[in-house]
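Commentary on secondary and tertiary structure
This is what each chain is made of:
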Number of protein chains: 2
Amino acid sequence: MRKEKIPAATIIRLSVYQRYLKRLLANGVKVVSSSELAYEASVNPAQLRKDLSYFGRFGVRGVGYDVASLLNTISGILGLLDEWRVVLVGAGPIGQALLRHPQFSRQGYVFEAVFDFDENHIGKQLEGGHTVRAIEDLPKVIKERGIQLAVLAVPSERAQEIADVLVESGIKGILNFCTTRIRVPRGVSVQYVDFTILLDTLTYKISQNNTGNKEPVSSAKPKWAREHSWPVVQSNIQRQGVSLTS
Amino acid sequence: MRKEKIPAATIIRLSVYQRYLKRLLANGVKVVSSSELAYEASVNPAQLRKDLSYFGRFGVRGVGYDVASLLNTISGILGLLDEWRVVLVGAGPIGQALLRHPQFSRQGYVFEAVFDFDENHIGKQLEGGHTVRAIEDLPKVIKERGIQLAVLAVPSERAQEIADVLVESGIKGILNFCTTRIRVPRGVSVQYVDFTILLDTLTYKISQNNTGNKEPVSSAKPKWAREHSWPVVQSNIQRQGVSLTS
DNA sequence: TTTCAAAAGTGATTTTTATAACAATTTGAA
DNA sequence: TTCAAATTGTTATAAAAATCACTTTTGAAA
């Protein structure tokens, strides 16, 4: 079960499972079955078991998974047992909104420093106690503190230029809110957050439906839904990626 | 070439192609080859040609694609030739940042109204001339103006509840910034924007690299990169989805 | 004209991913 | 003890998607 190539979609699903496991744990649930957890995450239970099987055997047959222990296992796989420090580049509306987004700290991400190249922003105090610093300080801060993650929220025209600086300084992962594909060397990963692409896929679907060009819908209830008699809302995570990684 | 099932990833790539075509057009480029455009979008040129072939034949052999015409074609496929009106639910930091995000209007999306259930927000004037309205007004506004798209940026606990209202009111597509999977009936689509999931995939990769558990890297230059002698930075869009649609 | 290089379109093939199906294990009740 | 129900782990199968490799078309230079 080792050594096999692990689908990118599996990692994304692990993150979703992790989130629901946290909620179960908070609710005092001790044990969960693949069917239950898969239902929460809107995936096929066989998929969930398969996803886990890439990494080992964590359940008890006939019983299910221990919530606390599976949560810990998945967090470990994702590398989330420790805190991750992140630099934010770009203190515009999106950047500032992210600083205040509770989900980041809840998941163990800590914004260490904020940078911008706009003279008007530099030196400004932001909510949360961050002071906007000049891009020139980036390499120093990243190297000194050994930071590996960056959130990139600058105007798209400057995305590549900043990405180069980040990579040069030792950043290993970039969460990119810009609308340009950036190029990074092997060993550095990029994930894109691209709202309008997603909206475009929605408009595509709506347009299809409106023109009567309906998707061939398999109206039958999928077999796995019958494992339990839950209402079917097939909103699978399959193929969700947004990978764009390199 | 019609009637075939169209991969979700194809639609996402169309959106990426569209964006680069816009830039080419703005730069006065008249004609582009599949290799050039594919390089910009970081995909395999055969992939691009195949993506287009689902919808028709738009190029000229030996020549390439007319930029203006292909842009128009793709925009039409995606349903982007008209303006789309959107309601925003949730006037928190993320929601407000989105209102100010230029990419939306550039792509033809117009925020028609903003809603929140927080008494402290309701009635507040936001930059851009929007006044925050109470959730109670949602159904009326959506129905009266025939709005089909919604951006959902409320606290996750309330996501499903609001989604139900949106669906009930006639919304056909939801861009969901909440961290809960929402359930919607067939005919309604959902796209998830989930920052921390993406960060988690970055930490996974970084952790892998750090533990020496490297991905099996195919060090050879992919064949398609040899079509032109460009430097290879394999950051494919393949499998990017974030679909989670229903 | 003829020839050649460029480049689209597409069927065939390969790769990747998801699903199904079932044997193995566990628990608890008869 | 034995049996039945629950539920995992995993192999086999199917589905989906990406890539290749080849054919066709075009335009331009010789």
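Residues numbered from 1 in each chain as written. Chains lettered and ligands numbered in written order. Predicted model: local features only at pLDDT ≥ 70, side-chain atom pairs only at ≥ 80, totals over all residues. Heavy atoms only, no water.

**Structural notes on the protein's contact with DNA strand D**
Near DNA strand D there are 32 residues, and of these A:Ser34, A:Gly59, A:Arg61, A:Tyr65 and B:Arg13 occur at the shortest range. Backbone atoms, meaning sugar and phosphate, make up 74% of the atoms of DNA strand D lying within 4 Å of the protein. Within the side chain of A:Ser34, an N or O atom sits 2.5 Å from a phosphate oxygen of DNA strand D. At 2.9 Å, a side-chain N or O of B:Arg13 approaches a phosphate oxygen of DNA strand D. Elements that contribute at least two residues to the surface near DNA strand D include exactly α3 (45-53), β2 (59-60) and β3 (64-66) of chain A together with α1 (8-26) and α3 (45-53) of chain B. A per-element tally of the surface near DNA strand D places α3(B) first, with four residues. For the surface near DNA strand D, the residue count by class is ten nonpolar, ten polar and twelve charged. (Near = heavy atom within 4 Å. Polar contact = N/O pair within 3.5 Å; in protein donor to acceptor, adjacent residues only side chain to side chain. Helix = DSSP H or I, 4+ residues; strand = E, 2+ residues; numbered from the N terminus. Nonpolar A, V, L, I, M, F, W, Y, C, P; charged D, E, K, R; others polar.)

**So, the pattern of salt bridges**
Residue and element names in this part refer to chain A. Under the definition given, this model contains 15 salt bridges over all chains. Residue Glu127 is joined to Arg100 by a salt bridge in which the shortest nitrogen-to-oxygen separation is 3.5 Å. With a gap of 27 residues between them, Glu127 in the loop between β5 (109-116) and β6 (132-134) and Arg100 in the loop between α5 (93-99) and α6 (102-106) connect regions that are remote in the sequence. Its relative accessible area of 57% is what places Glu127 among the exposed residues. (Salt bridge = Lys/Arg side-chain N within 4 Å of Asp/Glu carboxyl O. Buried < 20%, exposed > 50% of the residue type's maximum accessible area, 1.4 Å probe, protein only.)

**So, the environment of A:Arg181**
Residue and element names in this part refer to chain A. Along the chain, the position of Arg181 falls in the loop between β8 (173-176) and β9 (189-192). According to the relative accessible area criterion, Arg181 is buried, its value standing at 4%. A distance of 3.2 Å separates a polar atom in the side chain of Arg181 from a polar atom in the side chain of Asp194.

**Details of the sheet that holds strand β1 (residues 31-32) of chain B**
Residues and elements named next belong to chain B. One open sheet holds the three strands; their spatial order is β1-β3-β2, and the pairing between them is antiparallel. The sheet is open, and its two borders are formed by β1 and β2 (59-60), each paired with just one other strand. With two bridges connecting them, β2 and strand β3 (residues 64-66) associate as antiparallel partners. Bridge assignment links Gly59 to a residue of β3, and that residue is Tyr65. (Pairing = 2+ DSSP bridges.)

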